[in-house]
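The primary structure of each chain is shown beneath.
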Amino acid sequence: MSSFFFNFFIFFLGIIELGNAKFHFKGQKKYPTVYVDPSGHGKFVTIQSAIDSIPQNNQYWICIIIKPGQYREQVKIPREKPYIYLKGDKNGEVIVTWDAHGSIDTDATFTTEANNTIVESITFINSYNYPPKRNKHPRVVAVAVVISGDKCVFYKCKFLGFQDTLWDVQGRHYFKFCTIEGAVDFIFGNGKSIYENCTISVNAGALNGLIGYITAHGRENVNDTSGFVFKNCNVIGNGQIFLGRPWRQYARVLFYDSSMSNVITPQGWDVGVFGGKEKQLTFAEERCKGMGSNTSKRVLWKAILSKHELQHLISLSFIDNEGWIVKQPLNVLK
Ligand SMILES: *[C@@H]1O[C@H](CO)[C@@H](O)[C@H](O)[C@H]1NC(C)=O
Ligand SMILES: *[C@@H]1O[C@H](CO)[C@@H](O)[C@H](O)[C@H]1NC(C)=O
Ligand SMILES: *[C@@H]1O[C@H](CO)[C@@H](O)[C@H](O)[C@H]1NC(C)=O
Ligand SMILES: *[C@@H]1O[C@H](CO)[C@@H](O)[C@H](O)[C@H]1NC(C)=O
């Protein structure tokens, strides 16, 4: 409790310093913090009740620190609650599990619709088909995380599922040191995202011989600026998988400077239902290494990027040409 009030004190000092303007605090300490602790020592026993306590149209960063443990709850940050920084306590793993399935819209374990969401050190699982080994349920859509706000950062998080694990719906997102696991379309949506130093963990071995898909990007229009960029990532796991298939007809995905184990099927990419529209797809690989990165048997229509387009996609300005990331309280670029 005392640290709660201490942080509020610092928070009000911050307001006095900066007047009434909308602002972002820099640094680690200058925002109010509330605690989630199922044993009752914090103010809240569930993550959702802490989120519910934050006023709508919140304009200041507020940190929710979550004690290590297993949380069985469905968690949602609605679009009227920006500037929430959800943080797993350093002393152990915070695991949030739910098992709703069948719909991408309502069933995710964790959803954020809000702009300026930060999530650090939290594992999200959709357990309906996970872990897939010895799982008795039929394989269905079972989303772990949905991100539809703009300017969201995920740091040291895990997203675990089997089919449709992570719906990166839309907006600019930065993922660093995260693990995303699944077998079928497990990173999908129309997000404009950089995944940096992430582990892409393939569990397609449980597909009984079928080949899975890592990505299903949803770029719809030639003028749409979205795309998934995987930079310095590590693709590992079991079974066989394509790097991606299009969800929409202008899908754009780049694997850059990444390492790929032999889980990647030699053709690399699948055209899905867009046969004849291969030229509209931008599926590219540059500077990758590892057994799975051998492009000698790749589909002939995989994209060759111009130097300019490659630079555009791999630089941070692809998602952040206005400096929003360094304005957030977590310094992920250090
Ligand atoms: C979130 O950000 C987007 C893009 O910057 C903006 O269009 C939208 O109005 C914002 N949403 C809210 C609820 O402020
Ligand atoms: C894309 O942008 C160009 C140039 O602004 C415009 O002429 C074209 O109609 C746009 N295409 C679509 C499908 O929106
Ligand atoms: C990110 O990944 C690259 C390539 O695997 C590696 O060289 C680099 O050290 C990593 N960065 C950090 C901070 O771990
Ligand atoms: C890539 O695969 C081809 C055919 O399977 C093989 O001949 C070639 O040596 C491989 N290249 C590398 C760099 O391993």
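Residues numbered from 1 in each chain as written. Chains lettered and ligands numbered in written order. Predicted model: local features only at pLDDT ≥ 70, side-chain atom pairs only at ≥ 80, totals over all residues.

The name that an unreviewed UniProt entry assigns to the protein is Pectinesterase, with the source organism given as Solanum lycopersicum. What the UniProt record of the protein gives under Pathway (unreviewed entry) is the line "Glycan metabolism; pectin degradation; 2-dehydro-3-deoxy-D-gluconate from pectin: step 1/5." The UniProt entry for the protein carries the following comment under Sequence similarities (unreviewed entry): "Belongs to the pectinesterase family." (UniProt positions renumbered as here; feature names shortened; annotations may be inferred.)

Asks: Any details on the domain arrangement of the protein? Residues and values, ideally.
Replies: Size of an interface: often given as the accessible area lost when the parts come together. You can read the domains of the protein as domain 1 (29–168) and domain 2 (183–319). Just the C-alpha atoms count here: the centres of domain 1 and domain 2 sit 26 Å apart. Each partner contributes to the interface: domain 1 provides 11 residues, whereas domain 2 provides 11 residues. No other element matches strand β13 (residues 166–168), which puts 3 residues into the side of domain 1 that touches domain 2. (Domains from an automatic or database assignment. Contact = placed C-beta atoms within 7 Å. Helix = DSSP H or I, 4+ residues; strand = E, 2+ residues; numbered from the N terminus.)

Asks: Describe the UniProt feature "domain: Pectinesterase catalytic" (unreviewed entry) in the protein, listing the residues and the values that go with them.
Replies: Under the UniProt annotation, "domain: Pectinesterase catalytic" (unreviewed entry) lies at residues 34–320. Across residues 34–320, helical content stands at 5% and strand content at 38%; the span's end C-alpha atoms are separated by 29 Å.

Asks: Can you explain the pairing of strand β5 (residues 84–88)? Please cite residues and give values.
Replies: For a regular strand, the rule is simple: side chains alternate between the two faces of the sheet. Burial runs high along β5: 5 of the 5 residues are buried. Burial along β5 is two-sided: the residues Ile84, Leu86 and Gly88 and Tyr85 and Lys87 are all buried. As judged from the 5 bridges shared by strand β2 (residues 62–66) and β5, these two strands associate in the parallel manner. Considered in β5, the bridge of isoleucine 62 is made with isoleucine 84. Judged from the 4 bridges that link them, β5 and strand β8 (residues 117–120) form a sheet pairing that is parallel. If you follow leucine 86 over to β8, its bridge partner there is valine 119. (Buried ≥ 20, exposed ≤ 12 C-beta atoms within 10 Å, placed from the backbone. Pairing = 2+ DSSP bridges.)

Asks: Describe the nonpolar core, with residues and values.
Replies: Counting residues in each nonpolar core, the largest one holds 93 residues, and the members touching the most others are Ile64, Ile84, Ala144, Val145, Phe159, Ile214 and Val229. For this core, the leading source of residues is β2, giving 5 residues. Residues lining this core come from more than one domain, with at least three contributed by each of domain 1 (29–168) and domain 2 (183–319). Aside from chain neighbours lying at most four places away, what touches isoleucine 84 is Ile51, Ile54, Ile62, Ile64, Ile77, Ala114 and Thr117. (Core = buried A, V, L, I, M, F, W, Y, C linked by C-beta atoms within 7 Å.)

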